[in-house]
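# Summary of structural features
So you can see what is in the structure, the chains are spelled out below.
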Amino acid sequence: MNIIVSFSGRRDGNCDTIAKYISSKEDLVLFMREISTQPCADCDYECMSGQCKYHGDGIYAFFEKCALADKIFFIVPMYCGNPSSLYFIMNERCQEYFMQNESHWEKMLKKLYMIGIYGSEENDPDFLNCFARQYPFKNVEKHILGLERHKYNQKINDFLLDVDEVKVKLNEFISGQD
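Reading the values: rules and limits
Residues numbered from 1 in each chain as written. Predicted model: local features only at pLDDT ≥ 70, side-chain atom pairs only at ≥ 80, totals over all residues. Heavy atoms only, no water. Helix = DSSP H or I, 4+ residues; strand = E, 2+ residues; numbered from the N terminus. Rg over C-alpha atoms; globule rule 2.2 N^0.38 Å. Buried < 20%, exposed > 50% of the residue type's maximum accessible area, 1.4 Å probe, protein only. Contact = heavy atoms within 4.5 Å. Areas by Shrake-Rupley, 256 points an atom, 1.4 Å probe, with all protein chains shown as cover. Lys, Arg positive; Asp, Glu negative; His and termini not counted. Charge placed at Lys NZ, Arg CZ, Asp CG, Glu CD. Axes fitted to C-alpha atoms, helices over the stretch in contact; angles between N-to-C directions. Parallel < 35°, antiparallel > 145°, perpendicular 65-115°, else oblique. Left-handed = near helix turned anticlockwise from the far one by under 90°. Nonpolar A, V, L, I, M, F, W, Y, C, P; charged D, E, K, R; others polar. Core = buried A, V, L, I, M, F, W, Y, C linked by side-chain atoms within 4.5 Å. Phe/Tyr/Trp six-rings, centres within 6.5 Å; stacked < 30°, edge-to-face > 60°. Salt bridge = Lys/Arg side-chain N within 4 Å of Asp/Glu carboxyl O.

Time to look at the overall build of the protein. Broken down by element type, the protein carries 8 helices and 6 strands. What you see in the protein, going N to C, is helices and strands ordered as β-α-β-α-α-β-β-α-α-β-α-α-β-α. Against the 2.2 N^0.38 benchmark of 16 Å for 178 residues, the protein shows a C-alpha radius of gyration of 16 Å, consistent with a compact globule. Summarising its shape, the C-alpha atoms of the protein cover approximately 50 × 35 × 30 Å along the three principal directions. Expressed as a percentage of its 178 residues, the buried residues of the protein come to 48%. A sequence separation of at least 24 residues applies to 72% of the contacts in the protein between residues at least 6 apart. Looking at the protein as shown, the accessible area adds up to about 9400 Å², and 50% of this sits on carbon and sulfur atoms. In the protein, which carries 20 positive and 27 negative side-chain charges, the distance between the mean positions of the two groups comes to 3 Å.

In this section: the packing of helix α3 (residues 58–68) against helix α4 (residues 85–100). At a closest axis distance of 9 Å, the pairing of α3 and α4 adopts a crossing angle of 65°. Considering their axes alone, α3 and α4 lie roughly perpendicular with respect to each other. Seen from above, α3 lies across α4 with right-handed handedness. Contact residues: α3 offers Ile-59, Tyr-60, Phe-62, Phe-63, Glu-64 and Ala-67, while α4 offers Met-90, Arg-93, Cys-94, Glu-96, Tyr-97, Phe-98 and Gln-100. When its residues are assigned to classes, the contact of α3 with α4 shows 9 nonpolar, 1 polar and 3 charged.

A few words now on the nonpolar core. Counting residues in hydrophobic clusters, the biggest one holds 33 residues, and the most contacted among them are Phe-62, Phe-74, Met-90 and Met-114. Setting aside chain neighbours within four positions, we find Met-90 in contact with Phe-7, Met-32, Ile-59, Phe-62, Phe-63, Phe-74 and Tyr-135. Of all hydrophobic cores here, the second largest spans 20 residues; its members include Ile-18, Ile-22, Val-166 and Leu-170.

The next point concerns the packing of aromatic side chains. According to the stated counting rule, one finds 17 aromatic pairs in the structure shown. On the basis of an interplanar angle of 85° and a centroid distance of 6.3 Å, the ring pair of Tyr-113 and Phe-173 is categorised as edge-to-face. One end of the pair, Tyr-113, is in strand β5 (residues 112–118); the other, Phe-173, is in helix α8 (residues 164–175), and 60 residues separate them in sequence. Given the relative accessible area of 7%, Phe-173 is considered buried.

The next point concerns the pattern of salt bridges. Taken as a whole and judged by the stated rule, the model has 4 salt bridges. With its nearest N and O atoms 2.4 Å apart, the salt bridge here joins Asp-16 to Arg-33. Linking Asp-16 in helix α1 (residues 14–22) with Arg-33 in the loop between β2 (28–31) and α2 (46–49), this pair joins segments that are 17 residues apart in sequence. For Arg-93, the salt bridge identified is with Asp-57, shortest N-O distance 2.5 Å. Note that Arg-93 is positioned in helix α4 and Asp-57 in the loop between α2 and α3, a separation of 36 residues in sequence. The pair Arg-93 / Asp-57 is uniform in exposure class, with both members buried.

As far as function goes, none of this settles anything; it's purely spatial.
Laid out in structure tokens, this is it:
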């Protein structure tokens, strides 16, 4: 079973439709906006010495599911020049999980694949690089796919999956993970 995660705050936009497109019936599609998560705030770094005070929200259970997956696909949109805030919240909160489950980090890296959706590489050349800096993938091109909306003359409410070339890129990226 694969886990596909949309980090979009918008329902049924590009991230959600791509998540559904690349999934099979045995896969689990998750929408980060629907997972109850408390951002890192108002604490005394309890995660560093024991258990995060927000341990009972959905983020720890999210990582437990990811640990069981064959492959994990994060579909992350760019908002205001950065990955979505939902992605950052997950990122901050992963610290407790991986401190308590250190051996899962390397396993997750091997099965984690990123799809970044953004305007254009020309305007935002560092968008995909932020994933490469965060996750030390041995083969970055195999683990990160960028889909530039402006390359296909896409406006804010257009769908990348309406472009055949995007479907080809997605299919090649997904099939290359076997």
